[in-house]
Amino acid sequence: MTKRIIAILLLAVGVVAQQTHNQYEPPNGAGAGQKLLAQFAGDWDVVKTFFPREGKPIVTKGTCKQYMIQDGKFLQSDFTFTNTDGSTSTGTGISGFDSKTNRFTTVWYDSRQTTMSIRQSDGTFDGKNIVLWATPLDPDRPGRKTVARAHLEEEGRLLLHRHFLIDDKGNERMMIELKMTRK
């Protein structure tokens, strides 16, 4: 009898905990941001241009496969770049949109380093352009101030993704441009 009572109590606690979790974090569906992210899905040829402070730009070619994951709530972007010496490097981005806050958030990690970067929009979204600001993981060492902007052109055949470094005076200098052409 005691074992049955304990089993019933554990089951009841599990049901209450699930209800509490759903109340704490109610599930939600895709919003306007996911509609734009879904347009980025597909296979792409990529030309990455890095603009050093001095000297000529460095151009690297690659490919990218982008697809929606988690029931259409997030975009995963898998990049492969072929370096000038013939070696390859890879990178993965995860992009999402929170319709409650009207904010995009992206996470990036790659084979070149052991760090991750996080960028987030400021809550304004015009339905066409994604603008992401660097979000420091360590508030004691905020790092570089940067902004990234992405949008589609040529009826969705070209995706432009540009990263800018912002100096202390607020001036922007392009650091990286990804020109992605749909295959």
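Please refer to the structure higher up on the page.
All values reported here derive from a predicted model rather than from experimental measurement. (Residues numbered from 1 in each chain as written. Predicted model: local features only at pLDDT ≥ 70, side-chain atom pairs only at ≥ 80, totals over all residues. Heavy atoms only, no water.)

**Some points on the pattern of salt bridges**
Any two side chains of opposite charge can pair if their charged atoms end up close together. Counting across every chain of the model gives six salt bridges. A salt bridge links Asp 110 to Arg 112; the nearest nitrogen and oxygen atoms lie 3.6 Å apart. Accessibility expressed as a relative area gives 60% for Arg 112, which makes it exposed. (Salt bridge = Lys/Arg side-chain N within 4 Å of Asp/Glu carboxyl O. Buried < 20%, exposed > 50% of the residue type's maximum accessible area, 1.4 Å probe, protein only.)

**Overview of the side chain of Ser 77**
With respect to the helices, strands and loops of the structure, Ser 77 is situated in strand β3 (residues 74-82). Of the polar contacts made by the side chain of Ser 77, one reaches the side chain of Gln 66; its length is 2.6 Å. In this structure Ser 77 touches Cys 64, Lys 65, Gln 66, Gly 91, Thr 92 and Gly 93, once residues within four positions along its chain are discounted. (Helix = DSSP H or I, 4+ residues; strand = E, 2+ residues; numbered from the N terminus. Polar contact = N/O pair within 3.5 Å; in protein donor to acceptor, adjacent residues only side chain to side chain. Contact = heavy atoms within 4.5 Å.)

**Quick word on helix α2 (residues 32-39)**
Buried within α2 we find Gly 33, Gln 34, Leu 36 and Leu 37. On an axial view of α2, the arc spanned by its buried residues comes to 160°, and they lie on one face. Looking at the buried side of α2, the elements it contacts are β2 (58-69), β3, β4 (88-98), β5 (103-110), β7 (130-135) and β8 (146-153). (Arc of directions from axis to C-beta.)

**Side note on the sheet that holds β7**
Around the barrel, ten strands lie side by side as β1-β2-β3-β4-β5-β6-β7-β8-β9-β10; this closed barrel has antiparallel pairing. Between one strand axis and the next, the sheet turns through 25° on average, direction left out of account. In this structure, strand β1 (residues 42-50) lies alongside strand β10 (residues 172-182), joined through seven bridges in antiparallel fashion. From the neighbouring strand, Thr 49 faces β10, where its bridge partner is Glu 177. (Pairing = 2+ DSSP bridges. Axes fitted to C-alpha atoms, helices over the stretch in contact; angles between N-to-C directions.)

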